[in-house]
Amino acid sequence: GENVEQHPSTLSVQEGDSAVIKCTYSDSASNYFPWYKQELGKGPQLIIDIRSNVGEKKDQRIAVTLNKTAKHFSLHITETQPEDSAVYFCADKYIFGTGTRLKVLA
Amino acid sequence: NAGVTQTPKFQVLKTGQSMTLQCAQDMNHEYMSWYRQDPGMGLRLIHYSVGAGITDQGEVPNGYNVSRSTTEDFPLRLLSAAPSQTSVYFCASSWGTITDTQYFGPGTRLTVL
């Protein structure tokens, strides 16, 4: 069946550094890839998404890239801040990755 | 707008008991769904609805029932709770489809003893 693999499971970066989280998917027909941020005790919140007709999308400090040939997509967070600390999930529509716990060290 | 609301926030059940998790949204969204979140496994889709009167199964529907009598409400029923259903449950809604922005509720933490 369809699945999404997400790496790394945990990531620690110094404040101001960049963070990159990578996901791979299995269904070559997939066309919608959202990224969610989940803070402790809360539901996931969409932070950015990308559709298969584009290769990159940016929103301020956050960007997502998509490589359809290799079937992988990545989340890039630049100039990280302590409030970026959370669990991040990628998804192929409704199929979620297992999450990355990002810690931004002040 | 309150967004997506879920009740209760916490619930403890004994094996074999039944209960209903409530979900409501005030954004006039057509698409609603239920997920469960287990440690190390991300979120998994249980059931979804594309509009009032229409429901369908997701990845892990066994042991759960849903109905959608109104646009606003999408309750999830556990008919006979089992320890394997211990999890955090999230309801989500969006305008029309799974590829529209999903808005998640705050979750219900369920423990089955």
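Please read all numbers here as calculations on a predicted model, not as lab measurements.

Draft legend 1. Seen up close, the sheet that holds strand β6 (residues 56-59) of chain A. All names here are of chain A. The sheet built from five strands is open, its strands ordered β1-β3-β8-β7-β6 with antiparallel pairing. Two strands in the sheet have a free side with no partner beyond their single neighbour: β1 (4-7) and β6. Strand-to-strand twist across the sheet, computed as the mean angle between neighbouring axes with direction ignored, equals 15°. As paired elements, strand β7 (residues 62-67) and strand β8 (residues 72-77) share six bridges and run antiparallel to each other. When the bridges of β8 are listed, Asn67 appears paired with His72.

Draft legend 2. Structural detail: the pairing of strand β4 (residues 32-38) of chain A. All names here are of chain A. Across the seven residues that make up β4, a large majority, seven, are buried. Burial along β4 is two-sided: the residues Tyr32, Pro34, Tyr36 and Gln38 and Phe33, Trp35 and Lys37 are all buried. In the sheet, β4 pairs with strand β5 (residues 45-51) via six bridges, with the strands oriented antiparallel. Paired with Phe33 across the two strands is Ile50, which belongs to β5. The loop that links β4 with its antiparallel partner β5 comprises six residues; one of these, Gly41, has a positive phi angle of about 80°. Of the pairings in the sheet, the one linking β4 to strand β9 (residues 86-92) comprises four bridges and is antiparallel in character. The residue of β9 that forms the bridge with Tyr36 is Phe89.

Draft legend 3. Expanded view of the nonpolar core. With 24 residues, the main nonpolar core has Trp35, Phe73, Leu75, Tyr88 and Leu102 of chain A as its most contacted residues. Elements with a minimum of two residues in this core: β2 (10-14), β3 (19-25), β4, β5, β7, β8, β9 and β11 (100-105) of chain A. For this core, the element with the highest residue contribution is β3 of chain A, accounting for four residues. Contact partners of Phe73 of chain A, with chain neighbours within four places excluded, come to Ile21, Lys22, Cys23, Tyr25, Phe33, Trp35, Thr65, Leu66, Cys90 and Ala91 of chain A. By size, the runner-up hydrophobic cluster in this structure holds 19 residues, among which are Met32, Leu76, Cys91 and Leu110 of chain B.

Rules used throughout
As a convention, each chain's residues are numbered from 1 in the sequence order in which they are written. All chains are assigned letters beginning with A, and all ligands numbers beginning with 1, in the order in which they are written. Confidence filtering applies because this is a predicted model: local features only for residues at pLDDT of at least 70, side-chain atom pairs given and counted only at 80 or more, and all residues used for totals across whole chains, interfaces and linings. Note: side-chain values were computed over all heavy atoms of the structure, leaving out hydrogens and water. Paired strands, as defined in this entry, are two strands with at least two bridges between them according to DSSP. Only DSSP runs of H or I reaching four residues or more are called helices, and only runs of E reaching two or more are called strands; each is numbered from the N terminus. Whenever a helix is involved, its axis is fitted only over the stretch in contact; in every case the axis is a line through C-alpha atoms, and angles between N-to-C directions fall within 0 to 180 degrees. Buried, partly exposed and exposed residues are distinguished by accessible area as a fraction of the type maximum, computed with a 1.4 Å probe on protein chains only: under 20%, between the cut-offs, and over 50%, respectively. Side-chain atoms within 4.5 Å are what join buried Ala, Val, Leu, Ile, Met, Phe, Trp, Tyr and Cys residues into a set we call a nonpolar core. Whether two residues are in contact is decided by their heavy atoms: any pair within 4.5 Å suffices.

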